[in-house]
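Results of the structural survey
The lines below spell out each chain.
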Amino acid sequence: MATMKDIANFAKVSTSTVSHVINNDRYVSPTVREKVELAIKQLNYTPSAIARSLKSNKTFTIGMIVTTSNNPFFSEVVLGVERSCYELGYNLILCQTEGDHQRMLDHIEHLLQKRVDGLLAMCSETQSIPKQIFLKYPKLAIVMMDWTPFSGICDTIKDNSLYGATLATNYLIEQNYKRIACITGPSNNTQAQLRLQGYRNALKAANIAIFADYEAHGNFQFSSGVVAMQQLLDLPITPEAVFCFNDAMAIGAYQTLYQNGLEAGKDIAIIGYDDIEIAQYMTPSLTTIHQPKEELGQLAVETLLNRIQNPKELPHMLTLTPTLVKRFSA
Ligand code: RIB
């Protein structure tokens, strides 16, 4: 692999001249520039990212830790993150924890050893980044996405789940449904807690009673939608409509309806949350709450780069507004 010194010797110039041509950070006469560019081509030279990072003390690399990825929501957010990194000249190192706390801590250490310029964390389940990490690495630029267990310690970007859940429940109320149930997310997840509050607030505002056992427990996984929907169907008074706190559980609920010879949208109205890509292709297509997933990813990268350049700014708390997508399941 040719080095800058090889280029300098080949073009009979100094290595600093080669550096100025590569970085285009100082005037170099056209004649000399042409000699250097010819040498680069002839020797098939590729600038060393490691050398560049040693000089600039930046690696132009961002680390991202995701708690789960079998749910399309996360992969669609990562799509926005990676696209934004590419457009802004950064590489992304994506780490998966699958809820394993030690694995998360190991990833953080490895990312720090790789000198990532900043860290994006999308820990939407019980395994969040421990506060100690923020205290141990106070200079590490971190943006928490989607979930904000430590509001005020670092920049956070999240969905307005209280509003989104109110929107979903009010839509069912406007369809004149009275027996409205929900399938919740993990009880220790702030987004799930806010959605439950939004569901309860909307029913209370409309003077609609919440039937006993109409808050079926889910955990955002597909399978929990299957089980929770069956619990609702086994009740003496079955619901007319069900608000699933994410689309993955709505897909599970669809399967249970099918297994019971029932149809979503016809026998029981179903509304989901996230608006993942597949929602529009379900039968019937899923009415849901659209989370701006790619925008979440893009905003997270921009917020992180702003933090890297402005480390002393106070933490930013950004909230994204979800929207109702009416299809045919409710
Ligand atoms: O579908 C996964 C859910 O977990 C999403 O609604 C997202 O908000 C995260 O909290």
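The following refers to the structure shown. Remember, predicted model here, so these are calculated numbers, not experimental data.

Re the site of the ligand
Close contacts around the ligand come from 11 residues, with Asn71, Asp146, Arg195, Asn246 and Asp274 the closest. Between the ligand and Asp274, the relevant distance is 2.6 Å, taken from an oxygen atom to a side-chain nitrogen or oxygen of the residue. Gln291 places a polar side-chain atom, nitrogen or oxygen, 2.9 Å from an oxygen atom of the ligand. Elements represented by at least two residues in the shell around the ligand include exactly helix H5 (72–87) and helix H9 (190–205). Among the domains, domain 2 (59–159 + 293–321) and domain 3 (161–290) are the pair contributing at least three residues each to the shell around the ligand.

Focus on the pattern of salt bridges
Side-chain pairs of opposite charge can arise whenever the charged atoms involved come near each other. A complete count under the given rule lists 8 salt bridges for this structure. The closest approach of N and O atoms between Glu76 and Lys293, which form a salt bridge, is 4.0 Å. Taken together, the residues span a long stretch of sequence, with Glu76 in helix H5 and Lys293 in helix H12 (residues 293–309) at a distance of 217 residues. With relative accessibility at 16%, the residue Glu76 sits in the buried group. As a salt-bridge pair, Arg195 and Asp159 come within 3.5 Å of each other at their nearest N and O atoms. With Arg195 in helix H9 and Asp159 in strand S5 (residues 155–159), this residue pair connects regions lying 36 residues apart in the sequence. With respect to burial, Arg195 and Asp159 carry one shared label: buried.

A look at the sheet that holds S5
What the 6 strands build is an open sheet, ordered S2-S1-S3-S4-S5-S11; its pairing is parallel. Only two strands of the sheet have a single neighbouring strand rather than two, namely strand S2 (91–96) and strand S11 (317–320). Each strand of the sheet is rotated relative to its neighbour by a mean of 15°, with strand direction disregarded. Two elements, strand S3 (residues 118–122) and strand S4 (residues 142–145), share 3 bridges in a ladder whose sense is parallel. Paired with Ala121 across the strands is Met144, a residue of S4.

Observations concerning the packing of helix H2 (residues 15–23) against helix H3 (residues 30–42)
Direction vectors running N to C along H2 and H3 enclose 85°, while the axes themselves pass 10 Å from each other. With respect to H3, the axis of H2 lies roughly perpendicular. Counting all contacts with H2, which are made through Thr17, Val18, Val21 and Ile22, the residues of H3 involved are Val32, Arg33, Val36, Glu37 and Ile40. Tallied by class, residues from the contact of H2 with H3 come to 6 nonpolar, 1 polar and 2 charged.

Quick notes on the packing of helix H1 (residues 4–11) against H2
It is at 8 Å that the axes of H1 and H2 come closest, and there the two elements cross at 105°. Put simply, H1 runs roughly perpendicular to H2. Here H1 contributes Met4, Lys5, Ile7 and Ala8 to the contact with H2, which in turn contributes Thr15, Val18, Ser19 and Ile22.

What counts, and at which threshold
Residues numbered from 1 in each chain as written. Predicted model: local features only at pLDDT ≥ 70, side-chain atom pairs only at ≥ 80, totals over all residues. Heavy atoms only, no water. Near = heavy atom within 4 Å. Polar contact = N/O pair within 3.5 Å; in protein donor to acceptor, adjacent residues only side chain to side chain. Helix = DSSP H or I, 4+ residues; strand = E, 2+ residues; numbered from the N terminus. Domains from an automatic or database assignment. Salt bridge = Lys/Arg side-chain N within 4 Å of Asp/Glu carboxyl O. Buried < 20%, exposed > 50% of the residue type's maximum accessible area, 1.4 Å probe, protein only. Pairing = 2+ DSSP bridges. Axes fitted to C-alpha atoms, helices over the stretch in contact; angles between N-to-C directions. Parallel < 35°, antiparallel > 145°, perpendicular 65-115°, else oblique. Contact = heavy atoms within 4.5 Å. Nonpolar A, V, L, I, M, F, W, Y, C, P; charged D, E, K, R; others polar.

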